[in-house]
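Observations on the model geometry
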Amino acid sequence: MRLFLTILQRFAGFALVFVGVTFIIYLTVFSLPGDAVRALAGDRQLPQSVIDAINARYLLDQPLWVQYTNYLGNLLRGDLGVDLTGRSVADQLATRWPVTITLALTAWTIQLVLGLAIGIVSALKRGTVIDRGLLVVTIALSCIPVFVLGITAQIVFGVRLDWLPVAGIRDGWPVSYLLPALVIALFGLASVSRLVRGSMIDNLEADYVRTARAKGIGESRVVGLHVMRNSLIPTATFLATDLGFLLGGAVVIEGIFNLPGVGNLLFSAIRNHEATLVVGISTALIVIFLLTSLVVDALHALLDPRIRRA
Amino acid sequence: MPNATVPKTTTIPAVRARRAGAWRLLARRPLFWVAAAVLGVIVAFALAPAPFAGIFGNGDPRACDLADSSKTSAPGHPFGFDLQGCDIWAGAVYGAQSSLAVGLLATAISLTLAIVLGALAGMGGRVVDWTVSRVTEVFLGFPFLLAAIVVLNTLGVRNVLTVSVVLGVFGWPMMARLMRGSVRSVAKADYVLAARTMGLGTGRIVARYVLPNAVQPVLLLATLTVGAVIVAESTLTYLGIGLSSPAISWGLQIAAGSRVFQTSPHVLVLPSVMLALTVLTIVAIGEELRSVFDPRERR
C-alpha cells in the first residue's frame, strides 16, 4: 500500500512537471517576437486572406490558453500536431527516432562500460596517482565543449587516421555511430565514474564488508559480489536519468556528424521558425526524459526498501 | 544508536582543516596555482586585449585581407589566417571578452535568483516552500540546452546581454535547490534561535545570520557554473543561435573553421584550445575550492 502511494505521489509530480514544462515552452515560443506565418512566406508578401486562413486553421488568433489546452488535449491523444506545411510532427519524428535511439543507446553503453571500469579502478586505488590521474582526465574531457570534441574526433579519427567515417550513416551500425557516440559518452563520463567511485568507497568501508573479510572470503569475491551489488543502486539511477540527457545532447552531435535523427530535425525546425515542430520535438524529448525518471523512481522504490519510507 | 559513539575517521581531518583555515590549505595546492595563473592570463586578455593581440605586430582582429584566406603561419602571424583572412591570434585574444562576460553575467543572474528563491523556500512557510520547490522541479525537468535553443530562437536580438539573461534564467534550479537545503540546516542552528529570542526580525536574521552561513556551498557550485555557462554559450553560438557576426567569439571562430576543417584545420586549433583552456581552468579552480571547503569531498 505504501509502495502504491509512493508511486502515486511520483506520478502526481510527473504530471505537474509535464504541464509546467510544456506550458513554459509553449509560452516562450508564442509570446516572444517572431511571426511564424511571415517566416513561412519568406520575402514574398502574403495576401491578408491567406494569413487569416492560416491563423484560423492553426488557432493563431485565439488567446494563448485556448491554443495551449487544445495542444495539450491533442498531446494526450498522442497527436503532436502538424507543422505549418501540414505534415504530421509525429510522422516526421517516427522515421528519425531509430537513428537517435541507436546513437543514445550506443553512447550509453560506452559510458556505462568506461564509467564502471574507471570508477572501480579509482575506488580500489583511491588516494594514489592513478586515482588522481583518472579524475583529472575525466573532468578535463567533460569540460571541453561537445562540438570541439566532435570536430577534433572527426579530424583525428576520420580524416587523418581514416579509421572511422567522418559523417553520415552510410556504413550503418556500429561503424557510423561509434565516433559520435564516443564523444557524447565522454561528456558525462566524469559524473558516472565519480558516482561509482564514491558509492564503492562508502561500501568498502561498511561493516558488512569487514564481516565478509573476517570470514575469510577472497578479495575478488568481496569486491565483485558484496560491494558491487550495493554500489550499483545509485549508479543505476543516474544512468537512467542520463539516458534522457543523452537524447537531448544529440542535437549538437547529430548536426556535426550529419546523422538524420531527431536532434537534426529539431535544429532545422528552429532555424525555420517551425514553432509547432519545435514544441512537438522538445515535448517528445521531455516526455521521454520524464518517463525514464518516473520508471527509475518506481524501480528504485521497489529495489531499496529504505526509499519507500522517505 | 551504537554507531554514534564511533566517529567516522573521514570527518576528523575535515573539521581540523576548517579550523586551520581552508585558504592556507588551498595555497599549498599546486594545481590551484597553475589554474589561477592561466586564468589570470585569459582575464588579462579580456580586460585589455589590444597589447596582447599586438605581441606579434598585427593586433587588429578586424584588419582582414581576403587574399590571405586560410593561409598558415606567416611572419607576424604565427597562427595563420582564418577564412576571412583575419589574424587568428588577434581574434582569439579578443574572443576572451565575450566568453568571460557571458559566463560571469549569466552566473550572477542565476546566483541571485537561486539565493533569493532558495532563501524563500528555506525560511518561508510550507506554502512558499511547496510552490518554490515545484517551480524548481519544473525548471529542472527539461534539458537546459533545449530550453535555451527554443527561447534564443524566438528572440530577435542576440548579444552578450540577451544570451546571458537566457542562460541565467535557466541556470538557477540546481543552485536554488542547494541553497534551500543549506538555509534549512542553518536555520535550525542555535545562534539563529538565539537571535530570534533576542527579538530580531526575520529580515535581519536572514541577512545577518542565515545567508552568510548558508551561501558557501552555493558559491562553490557557482564557480563550476561559470564554466558550464561558457560551454553553453559557445555551443549555442556554434549552432548559430548564440552570439552573431559583428561580435568576436571563440564559438563563432570555431563554427567558421569547422566548415573547412578538412582543408585547413589550423583555423580551428587556437580558438578551440583557448576555449577548452578557459573552461578547464575555471573548473579546476572550482574543484580545488570544493575539495578544500567541502568536507564531504575529502577522502
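Residues numbered from 1 in each chain as written. Chains lettered and ligands numbered in written order. Predicted model: local features only at pLDDT ≥ 70, side-chain atom pairs only at ≥ 80, totals over all residues.

1. Some remarks on the overall build of chain B
Check the secondary structure of chain B and you find 14 helices and zero strands. Reading the secondary structure of chain B in the N-to-C direction produces α-α-α-α-α-α-α-α-α-α-α-α-α-α. C-alpha atoms of chain B, sized along the principal axes, occupy 75 × 45 × 35 Å. Taking all 299 residues of chain B together, the buried fraction comes to 43%. (Helix = DSSP H or I, 4+ residues; strand = E, 2+ residues; numbered from the N terminus. Buried ≥ 20, exposed ≤ 12 C-beta atoms within 10 Å, placed from the backbone.)

2. Let's talk about the overall build of chain A
Looking only at helices and strands, chain A features 13 helices and zero strands. Scanning chain A from its N terminus toward the C terminus, one meets helices and strands in the order α-α-α-α-α-α-α-α-α-α-α-α-α. The buried share of chain A, reckoned over its 310 residues, is 34%. For chain A, restricting intrachain contacts to residue pairs at least 6 apart in sequence, the fraction spanning at least 24 positions comes to 72%. (Contact = placed C-beta atoms within 7 Å.)

3. Regarding the environment of Ala108(B)
Within the fold, Ala108(B) resides in helix 5 (residues 88–123). On a C-alpha basis, the gap between Ala108(B) and Gly168(B) in space is 7.5 Å, while along the polypeptide they are 60 residues apart.

4. Brief notes about the environment of Ala284(A)
Residue and element names in this part refer to chain A. Structurally, Ala 284 is set in helix 12 (residues 275–303). For Ala 284, a count of 19 C-beta atoms within 10 Å translates into the label partly exposed. Considering only alpha carbons, one finds Ala 284 and Leu 75, 209 residues apart in sequence, at a separation of 9.5 Å. If we skip the residues at most four places from it in the chain, Ala 284 touches Leu 80 and Leu 93.

5. Remarks on the packing of helix 3 (residues 30–47) of chain B against helix 5 of chain B
All names here are of chain B. Running from N to C, helix 3 and helix 5 point in directions that differ by 95°, and their axes come no closer than 7 Å. Considered as vectors, helix 3 and helix 5 are oriented roughly perpendicular to each other. In this structure, helix 3 uses Ile 42, Val 43, Phe 45 and Ala 46 to contact helix 5, whose residues at the interface are Val 93, Ala 96, Gln 97 and Leu 100. Residue composition of the contact of helix 3 with helix 5, by class: seven nonpolar, one polar and no charged. (Axes fitted to C-alpha atoms, helices over the stretch in contact; angles between N-to-C directions. Parallel < 35°, antiparallel > 145°, perpendicular 65-115°, else oblique. Nonpolar A, V, L, I, M, F, W, Y, C, P; charged D, E, K, R; others polar.)

6. Structural notes on the interface of chain B and chain A
Contact residues are listed per partner, giving 36 residues for chain B and 38 residues for chain A. Looking at the side of chain B that touches chain A, the elements that each hand over two or more residues are helix 6 (126–140), helix 7 (144–154), helix 12 (216–239), helix 13 (250–258) and helix 14 (266–293) of chain B. With eight residues, helix 14 of chain B is the single largest residue contributor to the side of chain B that touches chain A. Looking at side-chain class alone, the side of chain B that touches chain A contains 22 nonpolar, 10 polar and four charged residues.

7. Notes on the confidence of the model for chain B
All names here are of chain B. Per-residue pLDDT for chain B has a mean of 80; in total, 90% of the residues score no lower than 70. Low pLDDT (under 50) marks residues 1–17, which in the prediction has eight contacts with non-local residues, meaning those over four places away or in another chain. Reported for the predicted complex are a pTM of 0.80 and an ipTM of 0.74. (pLDDT = per-residue confidence, 0-100.)

8. Some words on the confidence of the model for chain A
On average, chain A scores 78 in pLDDT, and the residues at 70 or more come to 85%. Per-element mean pLDDT across chain A ranges from 55 in helix 13 (residues 305–309) of chain A up to 87 in helix 5 (residues 89–124) of chain A.

9. Considering the packing of helix 5 of chain B against helix 12 of chain B
All names here are of chain B. At their nearest, the axes of helix 5 and helix 12 sit 8 Å apart, and the two run at 135° to each other. If you check the angle between helix 5 and helix 12, you find them oblique. Two packed elements cross with a definite hand, and for helix 5 against helix 12 that hand is right-handed. Contacts from Ser 99, Val 102, Gly 103, Leu 104, Ala 106, Thr 107, Ser 110, Leu 111, Ala 114 and Ile 115 of helix 5 reach helix 12 at Val 218, Ala 222, Thr 225, Val 226, Val 229, Ile 230, Glu 233 and Ser 234. Per-class residue counts for the contact of helix 5 with helix 12 are 11 nonpolar, six polar and one charged. (Left-handed = near helix turned anticlockwise from the far one by under 90°.)

10. Considerations on unusual backbone geometry
Trans is the common state for peptide bonds, and a negative phi is the common state for residues other than glycine. The phi torsion at Asn258(A) lies on the positive side, around 50°, for a residue other than glycine. Tracing the backbone shows Asn258(A) in the loop between helix 10 (219–256) and helix 11 (262–271).

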